[in-house]
Amino acid sequence: SQGAEDWEAVALALDVELRLHNARDDLTGIQRVFEAFRQTATRGSDDASAVCHLGLAMGVLFGDPRDALTAAEVALEITTRAPTHRLKALWRYLVATQYQGLALTEPAMSALTEARALAATSGDVRVRFSIESNLASALLDAGRLDHAETMLERSSELLGSADMAMNRLIQANNYAELALARGLYSDARGHYERAESYIGATTPPDIVDTINCGVGLSAMQQGDLAEARRREAALGSPSRRWFCDPTTSLLFRTRTLEVRRDHDQALHMLAEVAEDIRHRLVVAWLKVSTIRAEKLIKWKQPDLGRAVASEALSVAQDLELEVHAARLGRLSRPDA
């Protein structure tokens, strides 16, 4: 039979395989790895089990989000007594909570504090950047714009001169989203164009689409219709399964459809994406639900619009996301 170290090696190999399948958008391969994690988790050492539960935590995007969050919590518990993979356990837990709209809760912030300390001693700049950048993104999602800007500045300092194109792309995109939220369309366009300069052969298609739509949306808001049309012409079909926030992409696509008065197509698209991300990207679902409710009310379906807003309002209140709750509350009222 295999020794404890062998099972840990198996678990680590499965974690690498999971990342490869993720890069290829191979959901069938990902599900096979999850099943192997479940089998391996019951064998070998605490270290092996921790790695397996770390892998299962990524089911927040690719499986059952509730089971994934439980797996992340189990990995945290295991690594309190077997700390080899503690930093990674904290990091995966933070990722899972962010996708579930729980990134600013007390347990997540406690994990963030510990992760910061461990990452600082590890010297891993990429992990340190990711921790700070994801917190900035969570604050931005929650509508806490000034605090988000402070955290963006903090994470920017970690980039220095390091060759981290993907992280620089993410950072520029976050700055663009911040500017967009403030209605600063010229600034947003500049940040999106900077993000675009970091796109490479391995950049995920959803991110490429988001940046293209971000430039188009900013241009449209500036009155640069020629650039907006050029960006629209570059669009492919919208993704049928999203693994990043689709809000910017949907805003631009909805606006272009609205210009052509194709309201039915816009509403179908919004409903389809909302259903896809409903349980996996919870804060993004709140934002998409807000857009959908606004358009339903505007386009003569007020009862359905208020129902959509009311359902999302309940989730926003449960998560104590006050900015989203306020917007959805206004849309759910009879006079909306």
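Before reading on, note that the structure itself is shown above.
In this report, we go over the structure that sits alongside the text.

Calculation criteria
- Residues numbered from 1 in each chain as written.
- Predicted model: local features only at pLDDT ≥ 70, side-chain atom pairs only at ≥ 80, totals over all residues.
- Heavy atoms only, no water.
- Helix = DSSP H or I, 4+ residues; strand = E, 2+ residues; numbered from the N terminus.
- Rg over C-alpha atoms; globule rule 2.2 N^0.38 Å.
- Buried < 20%, exposed > 50% of the residue type's maximum accessible area, 1.4 Å probe, protein only.
- Contact = heavy atoms within 4.5 Å.
- Areas by Shrake-Rupley, 256 points an atom, 1.4 Å probe, with all protein chains shown as cover.
- Lys, Arg positive; Asp, Glu negative; His and termini not counted.
- Charge placed at Lys NZ, Arg CZ, Asp CG, Glu CD.
- Expected span 1.5 Å × (residues − 1).
- Axes fitted to C-alpha atoms, helices over the stretch in contact; angles between N-to-C directions.
- Parallel < 35°, antiparallel > 145°, perpendicular 65-115°, else oblique.
- Left-handed = near helix turned anticlockwise from the far one by under 90°.
- Nonpolar A, V, L, I, M, F, W, Y, C, P; charged D, E, K, R; others polar.
- Disulfide = S-S within 2.5 Å.
- Core = buried A, V, L, I, M, F, W, Y, C linked by side-chain atoms within 4.5 Å.
- Polar contact = N/O pair within 3.5 Å; in protein donor to acceptor, adjacent residues only side chain to side chain.

Of regular secondary structure, the protein possesses 18 helices and zero strands. Since a compact globule built from 336 residues should have a radius of gyration of about 20 Å, the 21 Å found for the protein is in line with a globular shape. Considered along the principal axes of its C-alpha atoms, the protein spans approximately 65 × 45 × 35 Å. Here the protein, with 336 residues, has 51% of them falling under the buried criterion. Taking the contacts inside the protein whose residues are at least 6 apart along the sequence as the reference set, 59% of them involve residues at least 24 apart. Of the roughly 15800 Å² of accessible surface on the protein, 50% is carried by carbon and sulfur atoms. Taken as two groups, the 39 positive and 47 negative side-chain charges of the protein have centres that lie 5 Å from each other.

In this structure, Arg-231 sits in helix H13 (residues 225-233). Those residues within four positions of Arg-231 in sequence are excluded, and the remaining contacts are Glu-196, Asn-212, Val-215, Gly-216 and Phe-252.

Since the α-helix turns once every 3.6 residues, residues separated by three or four places project in the same direction. If you check helix H9 (residues 145-159), its first and last C-alpha atoms are 21 Å apart, about what 15 residues at 1.5 Å a residue would give, namely 21 Å. On its buried face, H9 sits against helix H7 (106-122), helix H8 (125-141) and helix H10 (165-181). Residue Gly-160 follows H9 closely and has a positive phi angle near 50°.

This part is about the packing of helix H14 (residues 247-259) against helix H16 (residues 282-298). Contact geometry of H14 with H16 gives a least axis separation of 10 Å together with a crossing angle of 15°. It follows that H14 is roughly parallel to H16 by the angle criterion. Of the two elements, H14 crosses H16, and the hand of that crossing is right-handed. Contacts from Thr-247, Leu-250, Leu-251, Thr-254 and Glu-258 in H14 reach Ala-284, Lys-287, Val-288, Ile-291, Lys-295 and Lys-298 in H16. Here the residues of the contact of H14 with H16 are counted per class, giving five nonpolar, two polar and four charged.

This part is about the state of the cysteines. Tallied over the entire structure, the rule returns zero disulfides. For Cys-213, which is in no disulfide, the shortest distance to another cysteine sulfur is to Cys-244 and amounts to 11 Å.

Turning our attention to the nonpolar core. Membership of the largest hydrophobic core comes to 80 residues, with the highest contact counts inside it found for Leu-18, Phe-34, Phe-37, Ile-277, Leu-286 and Leu-328. Beyond its immediate chain neighbours, meaning those up to four positions away, Phe-34 contacts Leu-18, Gly-55, Leu-56, Met-58, Gly-59 and Phe-62.

Take helix H3 (residues 46-56) next. Most of H3 is tucked away: 10 of the 11 residues are buried. The residue sitting at the N-terminus of H3 and contributing the capping side-chain oxygen is Ser-45; that oxygen lies 3.3 Å from the backbone nitrogen of Asp-47.

Contact geometry for helix H5 (residues 65-81) and helix H6 (residues 86-99): axes closest at 9 Å, N-to-C directions at 155°. The orientation of H5 relative to H6 falls into the category roughly antiparallel. Relative to H6, the crossing made by H5 is left-handed. Contact residues: H5 offers Leu-69, Ala-72, Glu-73, Ala-75, Leu-76, Thr-79 and Thr-80, while H6 offers Arg-86, Ala-89, Leu-90, Tyr-93, Ala-96 and Thr-97.

The next subject is unusual backbone geometry. Of note, the phi angle at Arg-261 is positive, near 60°, even though the residue is not glycine. Positionally, Arg-261 belongs in the loop between H14 and helix H15 (263-277). If you check the backbone angles, Glu-320 has positive phi at about 60° while not being a glycine. Accessibility expressed as a relative area gives 66% for Glu-320, which makes it exposed.

Summarising the element assignment, Glu-227 is placed in helix H13. Classification of Glu-227 by relative accessible area gives buried; the value is 11%. Side-chain polar atoms of Glu-227 contact the side chain of Arg-230, separated by 3.0 Å. There is a polar contact of 2.9 Å between the side chain of Glu-227 and the side chain of Arg-231. When neighbours within four sequence positions are excluded, Glu-227 is seen to be in contact with Arg-189, Val-215 and Ala-219.

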